[in-house]
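A closer look at the structure
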Amino acid sequence: MQQKMVIKVSMHCNKCRTKALKIAAVADGVTSVALHGPEKDKLMIVGDGVDAAELTNSLRKKLCHASIEIVEEVKETKKEEPKPTPPANPPNPIVCYCPQQPQLEYYKVVSDPSPAPCTIM
């Protein structure tokens, strides 16, 4: 069962926001995490089987104040796919003639390095 929850967290700076996002993202069952609200002080978390109380407690330990605002089930909307209508007149295929380029072969000449300085006879 997918559920969506909104948790209000006291976040004063970007460092606190990043820390809150990381804590929420590593929780078990979390699918997505986003900042929400005009002041970006709320976390919107969507996941399957996420324990809201446990997540709020872990946010409180790391960031001080956190409170659950909304926990609700995500209703999946069934979208009907529009059936593609076949074109009235199929477009005429465009035939392109591209002359084949001649295949060039490249060879690299490697000179034999000088004999090794140590020779045993």
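Above this text is the structure in question.
Here the structure is a predicted model, which means the values were calculated and not measured. (Residues numbered from 1 in each chain as written. Predicted model: local features only at pLDDT ≥ 70, side-chain atom pairs only at ≥ 80, totals over all residues. Heavy atoms only, no water.)

**A few points about unusual backbone geometry**
Spelled out, the test is: A run of DSSP states H or I qualifies as a helix once it reaches four residues; a run of E qualifies as a strand once it reaches two. Both are numbered from the N-terminal end. Burial classes follow relative accessibility: with a 1.4 Å probe on protein chains only, a residue under 20% of its type's maximum area counts as buried, one over 50% as exposed, and anything between as partly exposed.
One non-glycine residue with positive phi stands out, namely K40, at about 55°. Mapped onto the elements of the fold, K40 is located in the loop between β2 (30-36) and β3 (42-48). Residue K40 is classed as partly exposed on the basis of its relative accessible area of 40%.

**Thoughts on the packing of helix α1 (residues 14-25) against helix α2 (residues 52-63)**
What counts here: Geometry is summarised by axes, namely lines fitted to C-alpha atoms with helices restricted to the contacting stretch, and by angles between N-to-C directions that run from 0 to 180 degrees. It is the rotation of the near helix from the far one that decides the hand of a crossing: anticlockwise by less than a right angle makes it left-handed, clockwise makes it right-handed. The contact rule is simple, with two residues in contact once any of their heavy atoms fall within 4.5 Å. Just so you know the grouping, Ala, Val, Leu, Ile, Met, Phe, Trp, Tyr, Cys and Pro go in nonpolar, Asp, Glu, Lys and Arg go in charged, and all remaining residues, Gly too, go in polar.
Between α1 and α2, the shortest axis-to-axis distance is 10 Å and the interhelical angle comes to 150°. As for the relative orientation of α1 and α2, their crossing is right-handed in sense. Of α2, the residues touching α1 (which contributes C16, K19, A20, I23 and A24) are L55, S58, L59, K62 and L63. Taken together, the residues that form the contact of α1 with α2 break down as 7 nonpolar, 1 polar and 2 charged.

**Here's the deal with the pairing of strand β1 (residues 2-9)**
Consecutive side chains of a regular strand alternate in pointing toward one face of the sheet and then the other. Rules: Here a strand pair is declared whenever DSSP counts at least two bridges between the two strands.
Alignment of β1 against β3, held across 7 bridges, turns out to be antiparallel. Considered in β3, the bridge of Q2 is made with D48. Where β1 lies against strand β4 (residues 66-73), 7 bridges are found, and the strand directions are antiparallel. Note on β4: the bridge partner recorded for M5 is V71.

**A few points about the pattern of salt bridges**
The line we're drawing: Criterion for a salt bridge: a side-chain nitrogen of Lys or Arg within 4 Å of a carboxyl oxygen of Asp or Glu.
For the coordinates displayed, the defined rule picks out 2 salt bridges. Between K42 and E69 there is a salt bridge, with the nearest N and O atoms lying 3.4 Å from each other. Placement of K42 in strand β3 and of E69 in strand β4 is noted, with a sequence separation of 27 residues between them. Residue classification places K42 among the partly exposed positions, given a relative accessible area of 22%.

**Side note on the nonpolar core**
The line we're drawing: Residues enter a nonpolar core if they are buried and are Ala, Val, Leu, Ile, Met, Phe, Trp, Tyr or Cys, with the set joined through side-chain atoms within 4.5 Å.
Among the nonpolar cores identified, the biggest contains 16 residues, and M5, I7, V9, L43, I45, L55 and L59 are the most heavily contacted of them. Of all the elements in the fold, those that place two or more residues in this core are β1, α1, β3 and α2. Element by element, the count of residues in this core is highest for α2, at 4 residues. Not counting chain neighbours up to four residues away, the residues in contact with V9 comprise D41, L43, L59, L63, H65 and A66.

**A short note on a positive patch on the surface**
Going by this rule: Excluding any residue in a salt bridge, patches collect residues exceeding 30% relative accessible area, merging like charges within 9 Å and nonpolar Val, Leu, Ile, Met, Phe, Trp and Tyr side chains within 5 Å. Per-residue and other accessible areas were derived by the Shrake-Rupley procedure at a 1.4 Å probe size, with only the shown protein chains allowed to occlude residues. Charged-residue counts in this description rest on Lys and Arg as positive and Asp and Glu as negative, His and the chain ends being excluded. Just so you know, the charge point we use is NZ for Lys, CZ for Arg, CG for Asp and CD for Glu.
Together, K15, K19, K61 and K62 make up a positively charged patch on the protein surface. In this structure, K15 sits in helix α1.

**Section: α2**
Along an α-helix, a turn takes 3.6 residues, which lines up residues three or four apart on a common side. Here is the rule: By this rule the span expected of a helix is its residue count minus one, scaled by 1.5 Å. What the arc measures is the spread of directions leading from the helix axis to the C-beta atoms.
Given a rise of 1.5 Å per residue, 12 residues ought to cover 16 Å, and the 16 Å separating the end C-alpha atoms of α2 matches this to within 8%. Residues A52, L55, T56, L59 and L63 constitute the buried set of α2. Angular distribution of buried residues about the axis of α2 spans 100°; they occupy a single face of the element. Seen from the open side of α2, the exposed residues pointing more than 90 degrees away from its buried face are E54 and K61.

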